[in-house]
Amino acid sequence: MAKTDSRRGPTRRTVLEGGVATGVLLATGIPVDAEPADAAASPTPVPTMPMSLRINAKDFAVELDPRTTLLDALRNHLGLTGSKKGCDHGQCGACTVLVDGRRINSCLTLAAMHKGDEITTVEGLAEGDQLHPVQAAFVARDGFQCGYCTPGQICSAVGMLGEARAGWPSHASADVAAASVALTDAEIRERMSGNICRCAAYPNIVAAIRDAAEEA
Ligand code: FES
Ligand code: FES
C-alpha cells in the first residue's frame, strides 16, 4: 500500500517506488499472483556431440554443445587459456589462432567445424624451451604491457608473416601484383590492424615483427 501524506496525497517517493515495482513486473512478465517456480524441476539437458580436435599437434576428444565456439572450447573445455576473449564479436583479435597456418578469430567459428584441421594456439608456438622467433622478438622489444592482447598479436603476426611470404598484397601495398612483399612499417601496421592493444604497445609490436621478419 502506498504511503500517503494525509494532506498532499502520495509522496513523490512512493509514486516512484510503485512505478519501479510495476515496471519490473511488466518487464519480466511475471503475474502478481504467480506461484514460485518449482525448485525441484531440473533444466533441460543441453544436447552435446562428440568432436575431435587437433591442437598443437595433439588430438583431443571432447563432447560439446555444437554451438560451442572454438575459443570457448579451447579456454573452457581444453584448458588452453592462452587465447583470450576480448569481445567475442570478431572485433579485437585477442582470440586469434592459426588454422592450417591461417589466422582466424576463434570466437567467430564453431569448434564443430574444425574436425581434421591443424589448430595452433600460442601454447603451441615454442619448441620446448625455445621461443618462436616472434615470441622472442616481442620479449626483446617489449611488445606488450598487460599481455592480454599478446597471444592474439603473436599468432596473428605468425600468420601474417606467412601471408607476406606467399606474396599476398594488403591495402597498404602500392603494387598489388608485385611478386613479393616488402614488410615496411606501413605494411606491418595495416596487416596487424585486426589486433587491438589497449596498452598501446603498437610501436614496439611493429618493431618486434620487423625484427622477426628480418630474421626469417
Ligand atoms: S574475442 Fe574474438 S575478436 Fe575479440
Ligand atoms: S599489451 Fe595490454 S592490451 Fe596489448
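Up top is the structure these notes are about.
Fair warning: this is a prediction, and the values are worked out from it, not measured in the lab.

Asks: Is there a simple way to think about the nonpolar core in this case?
Replies: It is characteristic of soluble globular proteins that their nonpolar side chains tend to be buried jointly. L125, V134, F138 and I209 are the most contacted members of the largest nonpolar core, which has 22 residues in total. Counting only elements with at least two residues in this core, the list comes to α3 (133–140), α4 (150–165) and α6 (202–215). Residues within four places of V134 in sequence aside, it is in contact with I154, A157, V158, L161 and A212. Counting 14 residues, the second largest nonpolar core, distinct from the first, contains V62, L64, L74 and A111.

Asks: Explanation requested: the pattern of salt bridges in the structure shown.
Replies: Side-chain pairs of opposite charge can arise whenever the charged atoms involved come near each other. Evaluated as defined, the whole model comprises 9 salt bridges. For R54, the salt bridge identified is with D59, shortest N-O distance 3.1 Å. Since its relative accessible area comes to 26%, R54 is described here as partly exposed. Residue D59 is classed as exposed on the basis of its relative accessible area of 61%. Notably, a salt bridge pairs K85 with D88, separated by 3.4 Å at the nearest N-O pair. Residues participating in the shared-partner salt-bridge network are R54, D59 and E118.

Asks: Can you walk me through unusual backbone geometry in this structure?
Replies: Glycine aside, negative phi is the norm for most residues, and most peptide bonds take the trans geometry. Located in the positive-phi region is N56, a residue other than glycine, with phi close to 50 degrees. Positive phi values are uncommon outside glycine, yet D88 reaches one of about 65 degrees. With respect to the helices and strands, D88 occurs in the loop between α2 (70–77) and β5 (96–99).

Asks: So what exactly am I meant to see when it comes to the sheet that holds strand β3 (residues 49–55) here?
Replies: In sheet architecture, strand pairing relies on hydrogen bonds along the backbone and comes in two forms, parallel and antiparallel. One open sheet holds the 5 strands; their spatial order is β4-β3-β7-β5-β6, and the pairing between them is mixed. What marks the edges here is a single partner per strand, and that holds for β4 (58–64) and β6 (102–105). Across the sheet, the mean angle separating the axes of adjacent strands is 40 degrees when strand polarity is ignored. Bridge count between β5 and strand β7 (residues 118–120): 2 bridges; the pairing is antiparallel. Pairing of V99 across the sheet is with I119, part of β7.

Asks: Would you explain the environment of P50 in this entry?
Replies: Among the secondary structure elements, P50 is positioned in strand β3. Since its relative accessible area comes to 61%, P50 is described here as exposed. P50 sits 13 residues away from E63 along the chain, and the two C-alpha atoms are 4.2 Å apart. With sequence-adjacent residues up to four places away left out, P50 is seen in contact with V62 and E63.

Rules used in this analysis
Residues numbered from 1 in each chain as written. Chains lettered and ligands numbered in written order. Predicted model: local features only at pLDDT ≥ 70, side-chain atom pairs only at ≥ 80, totals over all residues. Heavy atoms only, no water. Core = buried A, V, L, I, M, F, W, Y, C linked by side-chain atoms within 4.5 Å. Buried < 20%, exposed > 50% of the residue type's maximum accessible area, 1.4 Å probe, protein only. Helix = DSSP H or I, 4+ residues; strand = E, 2+ residues; numbered from the N terminus. Contact = heavy atoms within 4.5 Å. Salt bridge = Lys/Arg side-chain N within 4 Å of Asp/Glu carboxyl O. Pairing = 2+ DSSP bridges. Axes fitted to C-alpha atoms, helices over the stretch in contact; angles between N-to-C directions.

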